[in-house]
Protein chains: 2
Amino acid sequence: MKIGKHTYLVDKDVYIASAYSLAGPYESKGAFREYFDTVMEDDEWKCKSHELTEIEMQRFTIGECLDRAKVNPMDCDLILGGDLLNQIVPTSFSARDFNTPFMGLYNACATFGEALSIGSYFVSGDFERVICCTSSHYATAERQYRYPLELGTQPTPESQWTVTGCGAVMLTKSKCDAPKIKGFTIGEVIDFGLCDANNMGGAMAPAAAKTIVNHFKDTGRCPEYYDLIITGDLGRFGRDTLHYLCKKEGYSLDNLNDCGSMIYSTAQKAGQGGSGAGCCSLVFASYLYKQMLADNLKKVLFVPTGAMLSRDSALQGESIPGIAHAVVIEKE
Amino acid sequence: MKIGKHTYLVDKDVYIASAYSLAGPYESKGAFREYFDTVMEDDEWKCKSHELTEIEMQRFTIGECLDRAKVNPMDCDLILGGDLLNQIVPTSFSARDFNTPFMGLYNACATFGEALSIGSYFVSGDFERVICCTSSHYATAERQYRYPLELGTQPTPESQWTVTGCGAVMLTKSKCDAPKIKGFTIGEVIDFGLCDANNMGGAMAPAAAKTIVNHFKDTGRCPEYYDLIITGDLGRFGRDTLHYLCKKEGYSLDNLNDCGSMIYSTAQKAGQGGSGAGCCSLVFASYLYKQMLADNLKKVLFVPTGAMLSRDSALQGESIPGIAHAVVIEKE
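Residues numbered from 1 in each chain as written. Chains lettered and ligands numbered in written order. Predicted model: local features only at pLDDT ≥ 70, side-chain atom pairs only at ≥ 80, totals over all residues. Heavy atoms only, no water.

(A) Spatial organisation of the overall build of chain A. Counting its regular elements, chain A contains nine helices and 17 strands. By the compact-globule yardstick of 20 Å for 332 residues, chain A fits well, its C-alpha radius of gyration being 18 Å. Along the first, second and third principal axes, the C-alpha set of chain A runs to 50 × 50 × 35 Å. The buried share among the 332 residues of chain A stands at 67%. (Helix = DSSP H or I, 4+ residues; strand = E, 2+ residues; numbered from the N terminus. Rg over C-alpha atoms; globule rule 2.2 N^0.38 Å. Buried < 20%, exposed > 50% of the residue type's maximum accessible area, 1.4 Å probe, protein only.)

And the structure:
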């Protein structure tokens, strides 16, 4: 049922029947190390380039997620996914191995929220099983958006660390004791005119604020309805900016946190925190999903956030538009 | 109603209420010149870079498509779209101007088929109005995928000419005398191992064949059910390859044509024909839509096709996976 302009409440049962998380070696030293299903022993994972590694990461994670749900790829209706690389090569190339209908998505680091929204809409209709998967890799993202790692460039204080990781979930209508997707609020593209490609949190926070405020207006809920409101990869600076922006609109988000702010330990020198399309999918498929399975979290507003720049748009002096999609996930 | 593994038949009415086409100057000399709504007088369109031109093309086309349907952007539920540039910058950046929920898609030149599929599914449910839009630009695509135009590189005989153009449609459930989307068949990623980035038609034809054969198997229809089966941008060589591959599977596509093969006149030196994410959306929003409005075409199987390579994947020696989504469009 659509309510308001931006929000859809899923009126059929859509279960997140299985989840699988694959983390890089640096991420395995962070706060969620005990929650990851598989940890890569190094950044290459026996591949000749980091781009090939990221293809293999997606292939492996989707395969394990299907295995865990005891579903043959042939019985899966659709794979929805994306990543940060040009032409979403990791996602498209990994889909070669599954003989499954495929749709590629791109909303930068908000892609996982887009996938969960479209996926839950399909499963609330006639589709039985849909996989949602996103990934990122520190080395491929640095090379593409900034500089090759070999240059040893110094990060700025506002910068974030792209997560090497991949998270996949399988949505299904078959009843099981798992969290359900109960709705989503689709984001608008918001541009506050920031041009600093090292300050993604600042560029994305206004989009996250807009989506979260739209969600409360559309649903009539207040922030306290949720046990946790968790954004994708704003980082600490961006999370605090979001808190400030929502407060100005009359919503005090005392239960707010951010996957990027949480994923690394404070001892790790990861700037403002993690980022990347794999940041929120990795945290969701590990920590958040397992906390919900254990009933430690019942109602979560999960808000992946994305900054829509490309290297060319940044070099041409364009500002950085942001987007965020909010997904309501509840365990009964 | 989902039938078979790949196909969904839309059981509610989903009308293509309006369409708008914007063509580049070279395209305006081709076969469909009288069908285009607006023709750009030059490739820059008063913008400082061709990338900025492509942003402006999307913004203009979506705006005109909404105007034509007499819909305020505020009353539009969703914009779905994509393009070929890294991080789909033209689509994302144009969406800044509309205050409308936005989801970015990427399936290379098959993105318009993906948008029509997801869009019709949303409108067959609770969404009222969804815009689908894709674009491409010859200069931005050449610079990104091959060489800057200033180098004057010689094209190979198998190569195609990226269309400068943009096409947008608005899907709605409000009854009107317009073509309807009656179903879609979602494609799989198919890789026959071709590595020649100049022979896109050859790389995409196997994916198109797979989707079309799946469509006939799922629906039980034969090719003659349709007045026209039209692929996105296979070019002449790719179209002939598709014809051969389907014949081997027992389907003789005597009513087959291809937007890329048709868009330029034979006098224009455009290799095997047009290509690009804007090729099929431009041809659809101009020639095909107007032919259907005039009842000259009643039943069309529209099959946008995409080649999923990036410059990096090509330089790293990877083969080129293809994908194609088939959309059933009928006028009653």
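(B) Just the side chain of Ser319 of chain B, in detail. Within the element layout of this structure, Ser319 of chain B appears in the loop between helix H9 (311-315) and strand E16 (322-324). In this structure Ser319 of chain B comes out as buried when scored by relative accessible area, which is 13%. At 2.7 Å, the side chain of Ser319 of chain B and the side chain of Asp191 of chain B are in polar contact. With near-sequence residues (within four places) excluded, Ser319 of chain B lies in contact with Phe93 and Arg96 of chain A together with Asp191, Gly193, Leu194 and Cys195 of chain B. (Polar contact = N/O pair within 3.5 Å; in protein donor to acceptor, adjacent residues only side chain to side chain. Contact = heavy atoms within 4.5 Å.)

(C) Quick peek at the interface of chain B and chain A. Contact with chain B, which involves 61 residues of that partner, is made by 61 residues of chain A. When the area that chain B buries against chain A is broken down by residue, the three leading residues are Lys5, Gln87 and Tyr121 of chain B, summing to 15%. Inspection of the region where chain B meets chain A yields six salt bridges. The residue Asp191 of chain A makes a salt bridge to Arg96 of chain B at a minimum N-O spacing of 2.6 Å. There are 35 residue pairs in polar contact (both at pLDDT 80 or more) connecting chain B and chain A. The set of elements that each furnish at least two residues to the side of chain B that touches chain A consists of helix H1 (50-68), helix H2 (89-94), strand E6 (102-104), helix H3 (111-124), helix H4 (138-145) and H9 of chain B. Counting residues per element, the side of chain B that touches chain A draws most heavily on H3 of chain B, at five residues. Classifying every residue of the side of chain B that touches chain A by side-chain character gives 30 nonpolar, 18 polar and 13 charged. (Buried area = accessible area lost by both parts, 1.4 Å probe. Salt bridge = Lys/Arg side-chain N within 4 Å of Asp/Glu carboxyl O. Nonpolar A, V, L, I, M, F, W, Y, C, P; charged D, E, K, R; others polar.)

(D) Looking closely at the packing of helix H3 (residues 111-124) of chain A against H3 of chain B. Relative to each other, H3 of chain A and H3 of chain B sit at 55°, their axes nearing to 11 Å. The angle between the axes of H3 of chain A and H3 of chain B places the two elements in the oblique class. Seen from above, H3 of chain A lies across H3 of chain B with left-handed handedness. Of the residues in H3 of chain B, those touching H3 of chain A at Ile118, Tyr121 and Phe122 of chain A are Ile118, Tyr121 and Phe122 of chain B. Of the residues belonging to the contact of H3 of chain A with H3 of chain B, the class tally is six nonpolar, no polar and no charged. (Axes fitted to C-alpha atoms, helices over the stretch in contact; angles between N-to-C directions. Parallel < 35°, antiparallel > 145°, perpendicular 65-115°, else oblique. Left-handed = near helix turned anticlockwise from the far one by under 90°.)

(E) How the structure looks around the nonpolar core. Membership of the largest hydrophobic core comes to 104 residues, with the highest contact counts inside it found for Phe302 of chain A together with Phe302 of chain B. In contact with Phe302 of chain A, not counting residues within four places along its chain, are Phe112, Leu116, Ile230, Cys259, Cys280, Phe284, Leu288, His325, Ala326, Val327 and Ile329 of chain A. Listed in part, the 63 residues of the second largest apolar core include Ile62 and Ala277 of chain A together with Tyr20 and Ile79 of chain B. (Core = buried A, V, L, I, M, F, W, Y, C linked by side-chain atoms within 4.5 Å.)

(F) Highlighting the environment of Met57 of chain B. All names here are of chain B. Relative to the helices and strands, Met57 is located in helix H1. In the structure, Met57 is positioned 109 residues away from Cys166 in sequence and 6.6 Å away in space, judged by C-alpha atoms. In this structure, Met57 is in contact with Leu22, Met40, Trp45, Ser136, His137, Thr164, Gly165 and Cys166, ignoring residues within four places of it in sequence.

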